[in-house]
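Letter by letter, the chains look like this.
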Amino acid sequence: MKIIKVRDYEAMSKKAAVIVSSQINMKNDCVLGLATGDTPLGMYKELIKMYKEEIIDFKEVTTFNLDEYYGISGENEQSYKYYMDKNFFNHINIKPENTHIPNGMAEDIEEEARRYDSLIQGMGDIDLQILGIGRNGHIGFNEPDVKFEACTHLVDLDDETIEANSRFFDDIEDVPKKAISMGIKNIMHADKIILIASGIEKADVIKETIEGSISPNVPASVLQLHPNTIFILDEAAASKLNI
Ligand SMILES: O=P(O)(O)OC[C@H]1O[C@](O)(CO)[C@@H](O)[C@@H]1O
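Residues numbered from 1 in each chain as written. Predicted model: local features only at pLDDT ≥ 70, side-chain atom pairs only at ≥ 80, totals over all residues. Heavy atoms only, no water.

- Labelled according to an unreviewed UniProt entry, the protein appears under the name Glucosamine-6-phosphate deaminase, originating from Anaeromonas frigoriresistens.
- For the record of the protein, the UniProt heading Sequence similarities (unreviewed entry) holds the text "Belongs to the glucosamine/galactosamine-6-phosphate isomerase family. NagB subfamily." (UniProt positions renumbered as here; feature names shortened; annotations may be inferred.)

If you want it as structure tokens, here you go:
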């Protein structure tokens with residue numbers, strides 16, 4: 001586990017983008033695991049800039065997103081499919097057929113989870129996984145009390161997550177109560193993981209994740225067991241660490 005402390009959100013975004021771009025330049029047909037939420041937005045902007053400056057090329061890159069709300073279609077502005085197209089995919093030369101997001105509208109959600117897992121495995125797992133972190137320690141939508149051995153599955157969202165995500169919806173009642181998410185097992189199979197966090201509201205959970213015991217109550221704490229994880233933290237998010 002490596003910890004990189006940077007000054008602020010902008011520096012965190014740039015650092016993460018540099019690592020992603022090195023991965024692409026090292027292996028142009030690499031497989032990236034991608035995250036949503038506010039935290040990666042700056043990194044996506046940096047990557048788009050690098051693409052426009054011809055520093056990176058996404059032509060052969062494949063991506064798998066961590067999660068999608070259950071019962072929401074890709075055309076819905078709140079869906080993670082919509083978020084990814086709007087904030088990233090529409091601005092780069094990635095092939096649409098190489099971008100994968102779980103289908104939250106699938107009739108048979110267990111079958112969809114199996115399909116997603118076998119697609120990931122078929123690509124030989126993820127080369128570089130990007131993660132944000134929820135205030136309750138979730139990664140993807142793996143909420144506290146998660147089973148570390150789970151692959152992609154349907155998740156009941158925590159009240160805290162529903163509350164945190166209500167900022168993106170007109171009414172808290174509109175926030176889906178379930179999501180389909182890659183499991184901890186998919187995440188832990190990635191060759192390399194970058195977790196990015198910014199802001200004082202993440203400081204407690206970052207401390208628990210890095211310095212606390214490994215526990216399903218703090219799903220991100222499992223990353224202590226991953227041999228190649230980098231935490232990129234701004235000063236505020238790192239402010240409660242003992243380092
Ligand atoms: O980056 P944010 O907006 O703080 O979100 C943190 C986490 O919460 C989620 O948005 C889901 O609630 C994740 O996708 C993300 O990693």
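That shown, we press on.
Brief notes about the UniProt feature "active site" (unreviewed entry) in the protein
Okay, step 1: As recorded in UniProt, the feature "active site" (unreviewed entry) lies at Asp67, Asn136, His138 and Glu143. Checked against the lining of the largest pocket, the annotated residues reduce to Asp67, Asn136 and His138.
Okay, step 2: Here Asn136 shows up in the loop between strand S6 (128-131) and strand S7 (153-156).
Okay, step 3: Given a relative accessible area of 10%, Asn136 falls into the buried group.
Okay, step 4: Those residues in contact with Asn136 that sit more than four places away from it in its chain are Glu143, Pro144, Asp158, Glu160, Thr161, Val205, Asn217 and Pro219.
Okay, step 5: You can call Glu143 buried: its relative accessible area is 5%. (1 Å grid on protein atoms, 1.4 Å probe; cavity = no way out; pocket = protein on both sides within 12 Å on 5 of 7 lines; lining within 4 Å. Helix = DSSP H or I, 4+ residues; strand = E, 2+ residues; numbered from the N terminus. Buried < 20%, exposed > 50% of the residue type's maximum accessible area, 1.4 Å probe, protein only. Contact = heavy atoms within 4.5 Å.)

What to know about the site of the ligand
Okay, step 1: Near the ligand there are 14 residues, and of these Asp38, Thr39, Asn165, Arg167 and Lys202 occur at the shortest range.
Okay, step 2: Asn165 places a polar side-chain atom, nitrogen or oxygen, 3.0 Å from an oxygen atom of the ligand.
Okay, step 3: Note that an oxygen atom of the ligand is positioned 2.6 Å from one of the side-chain N or O atoms of Lys202.
Okay, step 4: Here the ligand loses 94% of its free accessible area of 380 Å² to cover by the protein chains.
Okay, step 5: Cavity membership is defined here by more than half of the atoms lying within 2 Å of grid points; on that basis the ligand lies in the largest pocket.
Okay, step 6: Classifying every residue of the shell around the ligand gives 3 nonpolar, 8 polar and 3 charged. (Near = heavy atom within 4 Å. Polar contact = N/O pair within 3.5 Å; in protein donor to acceptor, adjacent residues only side chain to side chain. Areas by Shrake-Rupley, 256 points an atom, 1.4 Å probe, with all protein chains shown as cover. Sits in = over half its atoms within 2 Å of the grid points. Nonpolar A, V, L, I, M, F, W, Y, C, P; charged D, E, K, R; others polar.)

Points about the packing of helix H1 (residues 9-26) against helix H2 (residues 41-52)
Okay, step 1: Contact geometry for H1 and H2: axes closest at 8 Å, N-to-C directions at 50°. By the angle class used here, H1 and H2 are oblique. When you trace H1 past H2, the crossing you get is right-handed. For the pair H1 and H2, the contacting residues are Tyr9, Ser13, Lys14, Ala16, Ala17, Val18, Val20 and Ser21 in the first and Leu41, Gly42, Met43, Glu46, Leu47 and Met50 in the second. (Axes fitted to C-alpha atoms, helices over the stretch in contact; angles between N-to-C directions. Parallel < 35°, antiparallel > 145°, perpendicular 65-115°, else oblique. Left-handed = near helix turned anticlockwise from the far one by under 90°.)

Description of unusual backbone geometry
Okay, step 1: Positive phi, normally seen in glycine, also occurs at Asp125, with a value near 70°.
Okay, step 2: Inspection of the secondary structure puts Asp125 in the loop between helix H4 (109-122) and S6.
Okay, step 3: In this model, Asp145 sits at a positive phi of 80°, which is unusual for a non-glycine residue.
Okay, step 4: Among the secondary structure elements, Asp145 is positioned in the loop between S6 and S7.
Okay, step 5: Judged by its relative accessible area of 60%, Asp145 is exposed.

Examining the environment of Lys95
Okay, step 1: Mapped onto the elements of the fold, Lys95 is located in the loop between helix H3 (80-87) and strand S5 (99-100).
Okay, step 2: Overall, the relative accessible area of 29% leaves Lys95 in the partly exposed class.
Okay, step 3: Taking C-alpha positions, Lys95 is 29 Å from Val155, a pair spaced 60 residues apart along the chain.
Okay, step 4: Aside from chain neighbours lying at most four places away, what touches Lys95 is Lys59 and Glu60.

Remarks on the layout of surface pockets
Okay, step 1: Empty space within the largest pocket amounts to approximately 540 Å³.
Okay, step 2: Contributing to the lining of the largest pocket are 28 residues, with Gly37, Ile133, Gly134, Arg167 and Lys202 lying nearest its centre.
Okay, step 3: The class makeup of the residues in the lining of the largest pocket is 10 nonpolar, 11 polar and 7 charged.
Okay, step 4: Along its surface, the second largest pocket is lined by 14 residues, and Glu77, Gln78, Tyr83, Asn87 and Phe168 are the ones closest to its centre.
Okay, step 5: Per element, the largest residue contribution to the lining of the second largest pocket is 5 residues, and it comes from H3.
Okay, step 6: For the lining of the second largest pocket, the per-class residue count stands at 7 nonpolar, 4 polar and 3 charged. (Points joined across faces, edges and corners; volume = space filled by probe spheres on them.)

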